[in-house]
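Reading the structure
Chain by chain, the residues:
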There are 2 protein chains.
Amino acid sequence: MPVSFTQHDVGSRVDRRLAGFLETWRAPVDDPDVEAAYRLLTDFILRGGKRVRPRLCYWGWRGAGGDDSEEIITAAAALELCHAGLLIHDDIMDGSELRRGRVTVHRSLAGLHHGPGAEMFGQAGGILLGTLSLAWSDTMLSSCGVEPHRLRAAHHVFDAMRTEVISGQYLDVLAQLRAGASVAEALTVIRFKTAKYTVERPLQIGGALAGASMELLESYSRFGLPLGEAFQLRDDVLGTFGSESETGKSALDDLREGKHTVLFAHAVRKASPAQLRHLRRWHGNPELTEERAEEVREILRDTGALAEVEQMIEERVHEAVTALSAARMEPEAAKALTLMADRLAHRTK
Amino acid sequence: MPVSFTQHDVGSRVDRRLAGFLETWRAPVDDPDVEAAYRLLTDFILRGGKRVRPRLCYWGWRGAGGDDSEEIITAAAALELCHAGLLIHDDIMDGSELRRGRVTVHRSLAGLHHGPGAEMFGQAGGILLGTLSLAWSDTMLSSCGVEPHRLRAAHHVFDAMRTEVISGQYLDVLAQLRAGASVAEALTVIRFKTAKYTVERPLQIGGALAGASMELLESYSRFGLPLGEAFQLRDDVLGTFGSESETGKSALDDLREGKHTVLFAHAVRKASPAQLRHLRRWHGNPELTEERAEEVREILRDTGALAEVEQMIEERVHEAVTALSAARMEPEAAKALTLMADRLAHRTK
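In short, a report on the structure. Small disclaimer: the values here were computed from a predicted structure and weren't measured. (Residues numbered from 1 in each chain as written. Chains lettered and ligands numbered in written order. Predicted model: local features only at pLDDT ≥ 70, side-chain atom pairs only at ≥ 80, totals over all residues. Heavy atoms only, no water.)

1. So, helix 13 (residues 273-282) of chain A
Residue and element names in this part refer to chain A. To keep things clear, this is the line we draw: Think of it in three bands: residues with accessible area under 20% of the maximum for their type are buried, residues over 50% are exposed, and the middle band is partly exposed, with areas taken using a 1.4 Å probe on protein chains only. Secondary structure elements are taken from DSSP: a helix is a run of H or I of four residues or more, a strand is a run of E of two residues or more, and numbering for both begins at the N terminus. The arc in question is traced by the directions running from the helix axis to the C-beta atoms. By the convention used here, residues are in contact when the closest approach between their heavy atoms is within 4.5 Å.
Among the residues of helix 13, those classed as buried are His-278, Leu-279 and Trp-282. Seen from one end, helix 13 has its buried residues packed into an arc of 100°, which puts them on one side. Turned more than 90 degrees off the buried face of helix 13, the exposed positions are Pro-273, Arg-277, Arg-280 and Arg-281. As for helix 13, its buried residues are in contact with helix 11 (253-257), helix 12 (262-270) and helix 14 (290-302). Gly-284, located one to two residues past helix 13, shows a positive phi value of around 85°.

Following this line, the structure appears as structure tokens:
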């Protein structure tokens, strides 16, 4: 399948471009501990990750008639630096131990040092390294080599994306504090935190760089928003039902943190009083064991919440693919994106 | 004095530009709590702050022959958004309660909510709002309206600046963990964390936007680095000897946090064994009272550390002003910068 080959190729080209970029940003201070921190950040960026956003950005460009070129690989790689920075910060906010199957950046930093200050050091260092990666993403996008007018258009989308994802994450953090979230509220968080950030905006950035018409950019929205929601709904399912060895994240984290997912909101709506008591007791409880988690999973199945989310995923993928087939765009890109939609919604990691 | 009037004017023009920019970035999510967070961020950016970096950026432009214009005010204002973001993150890392005479952003956010999650919420929200302000600074600089070639040159300096300040802050955080820092080590932190970030790079960004020659950009370094060191040395003195009502920060924070300042490194080098025991006991001790702090201050005076730092400040201001008088640049800008050098080094807040 040529499309699948090309997609794989985009990921590895992005990786090589990232490696080359990071090579040029050595630590400006001659200090072994600063250099160790840079290595840690570089490792985190280069190892693991599905490169979803870069691939969508690439196909957004191709869909708008852009030729396969070095410029779009650089721009696509920039999105991965942005993503790495946000993930590092996110893991601090959530207190997560694992990411991409490895110890999170702030925990790794804390582990480099001993004594009472190690924990605070890990957090501070993680905030700084995340910010560095975010700054670099901007540097990399700005230097991709696309002519200034189109770059400005893409930068506007990039600016909107950053504001949206941060607002979505803020809503997500707020939801943890509030008594609970309805299905509708959880869907609003998803829209900003994931659907726009992960699918719609990367496609549009690629499109804008290639000079896409407003009409095509709107088609990317109609495809991207439902697919992005499906992507996050799958993420929520994997976050509780996934295999740690595949996802690289613990299948207890979302439950322990008390993430207000659509999955959970459905279960709360349908649960019997006894089931509700169990959910309330263990959702957001850091002492949740694997045994108790299995009982929570059973409730998510028994109430039909899991089936409902699976159905929501199917509906959204269908909506996305239908929108795509109506769009006026390069057929090869439409084919690649249709395939990606299916894979993203049905992935196991 | 026309120069002084113009300087004041730059600050208030930057403020108005910031207010206008922030007005255009309303919360993309229709949620009262997200809107409250945006207001908190906007207030933090607009109230207080000396606008040192914007003013230096402005005079860097003028020194390179740039006319007074709206473009440079926008670019200068962008530096203030960057600074605000870094300060918000810095206050989280240091656990500070006060900034600019008011409660810090993460503490304000924590105060908006109650219960056990409030502390974590404040941190998470602060990380997000700081990142938002940093993203906006990039947006604002990119949209200042200077022609693309010069904007690229300025963006390269901006990129270097962000990497340097983050590396400097990382070194600073590391220094808290290490047994202590020598005068030379403390000066390295200062160079990256402050001298480049606060003075050299803002001047060069303004210069690059106006198409400054490499020679002038180098003159800006020769002026900016010693002045930036003097600025931070004054900051360290104010951090321990300053008046809270003037600085807007507690004069106990630096001591409680155990900041490894040049001031402190000098004192350690000259202290008697009894004085050293007292310094070691209270420096970095969160239980430090005002009474014990006064004893620490006495040791900083008695060992001659304070006088030594004052002398270092004078030497650096002299070096900076000498470099400036040798530079080929617009005389009005040279005059304004000479005046600024004196004020920054001898400020009381």
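2. Some words on the packing of aromatic side chains
Think of a pair of aromatic rings as described by two things: how far the centres are apart, and how the planes are tilted against each other in angle. Condition: Two rings from Phe, Tyr or Trp (for Trp, the six-membered ring) form a pair when their centres sit within 6.5 Å of each other. Planes less than 30 degrees apart are called stacked, planes more than 60 degrees apart edge-to-face, and all others tilted. A ring is scored as having a charge over it whenever the NZ atom of a lysine or the CZ atom of an arginine sits within 6 Å of its centre and within 35 degrees of its normal.
For the structure shown, the criterion picks out 12 aromatic pairs over all chains. Judged by centre distance (6.0 Å) and plane angle (40°), the rings of Trp-25 of chain B and Trp-136 of chain B are tilted. Within this pair, whereas Trp-25 of chain B is found in the loop between helix 1 (2-24) and helix 2 (32-46), its partner Trp-136 of chain B is found in helix 6 (residues 118-142), the two being separated by 111 residues in sequence. Assigned by exposure class, Trp-25 of chain B and Trp-136 of chain B land together as buried. Aromatic rings pair up to connect Phe-21, Trp-25, Tyr-38 and Trp-136 of chain A into one cluster. A cation sits over an aromatic face here: Arg-100 of chain A above Phe-44 of chain A, 4.9 Å from the ring centre.

3. A look at the interface of chain A and chain B
Condition: Joining two parts hides part of their accessible area as seen by a 1.4 Å probe, and the buried area is that hidden amount summed over both. Any carboxyl oxygen of Asp or Glu within 4 Å of a side-chain nitrogen of Lys or Arg constitutes a salt bridge here. Pairs of N or O atoms are called polar contacts if they sit within 3.5 Å, as long as, within protein, a hydrogen donor faces a hydrogen acceptor (for residues adjacent in sequence, only side-chain-to-side-chain pairs).
Tallying the contact residues gives 50 residues for chain A and 50 residues for chain B. Note on chain A versus chain B: buried area summed over both sides is about 4,500 Å², and carbon and sulfur give 73% of it. Where chain A touches chain B, the interface holds 2 salt bridges. Between Arg-162 of chain B and Asp-138 of chain A there is a salt bridge, and its shortest N-O distance comes to 2.6 Å. Linking chain A with chain B are 12 residue pairs in polar contact (both at pLDDT 80 or more), by the criterion used here. Where the side of chain A that touches chain B is concerned, the elements lending two or more residues are helix 2 (32-46), helix 4 (70-94), helix 6 (118-142), helix 7 (148-177) and helix 8 (183-209) of chain A.

4. Section: the packing of helix 3 (residues 52-63) of chain A against helix 9 (residues 214-241) of chain A
All names here are of chain A. Here is the rule: Axes here refer to lines fitted to C-alpha atoms; in helices the fit is confined to the stretch in contact. Angles between the N-to-C directions go from 0 to 180 degrees. If an angle is under 35 degrees, it is roughly parallel; if it is over 145, roughly antiparallel; if it lies from 65 to 115, roughly perpendicular; otherwise it is oblique. Crossing handedness follows the turn of the near helix against the far one: under a right angle anticlockwise gives a left-handed crossing, and clockwise gives a right-handed one. All amino acids are sorted into three groups, where Ala, Val, Leu, Ile, Met, Phe, Trp, Tyr, Cys and Pro are nonpolar, Asp, Glu, Lys and Arg are charged, and the leftover types, Gly among them, are polar.
The contact between helix 3 and helix 9 brings their axes to 12 Å, and the two run at 155°. One element, helix 3, and the other, helix 9, form an angle in the roughly antiparallel class. The two elements helix 3 and helix 9 cross, and the hand of that crossing is right-handed. Note on element contacts: helix 9 touches helix 3 through Leu-216, Tyr-220 and Phe-231, opposite Val-52, Arg-53, Trp-59, Gly-60 and Gly-63. Of the residues that constitute the contact of helix 3 with helix 9, the class distribution is 5 nonpolar, 2 polar and 1 charged.

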